[in-house]
Amino acid sequence: MSDYDLYRILVASRRAGLKRFVFHPDPELGVAEWDVISGLCGKRWKEDPSSGYWPSDTEKPDTYNGGRKPKNPQ
């Protein structure tokens, strides 16, 4: 499921009266899912790899260039 689909489902569910939900990612939360869920649950997560929590399903950005490392560097 894309992060946009997750967002749309949760917003529609909240409008229908949803108060709580359980989300079981496969296998773990990534940056996109964490951003959607934290944004809808009160305080949006700050995507800053140098401090605090970083979702385990997404590699941290490279500290030198601010971008994600390529999967197959050549």
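Scroll up to find the structure.
Presented here is a report on the structure given in the accompanying data block. (Residues numbered from 1 in each chain as written. Predicted model: local features only at pLDDT ≥ 70, side-chain atom pairs only at ≥ 80, totals over all residues. Heavy atoms only, no water.)

So, about the packing of aromatic side chains. Enumeration according to the criterion identifies two aromatic pairs in this entry. With 4.9 Å between their ring centres and 50 degrees between their planes, Trp-34 and Tyr-53 make a pair best called tilted. Note that Trp-34 is positioned in helix H2 (residues 31-40) and Tyr-53 in the segment after H2, a separation of 19 residues in sequence. In this structure Tyr-53 comes out as partly exposed when scored by relative accessible area, which is 41%. (Phe/Tyr/Trp six-rings, centres within 6.5 Å; stacked < 30°, edge-to-face > 60°. Helix = DSSP H or I, 4+ residues; strand = E, 2+ residues; numbered from the N terminus. Buried < 20%, exposed > 50% of the residue type's maximum accessible area, 1.4 Å probe, protein only.)

Tracing the backbone through its elements, the reader meets Thr-58 in the segment after H2. For Thr-58, a relative accessible area of 17% corresponds to the buried category. Side-chain polar atoms of Thr-58 contact the backbone nitrogen of Val-31, separated by 3.0 Å. (Polar contact = N/O pair within 3.5 Å; in protein donor to acceptor, adjacent residues only side chain to side chain.)

Spatial relationships are all this shows, so hold off on functional conclusions.
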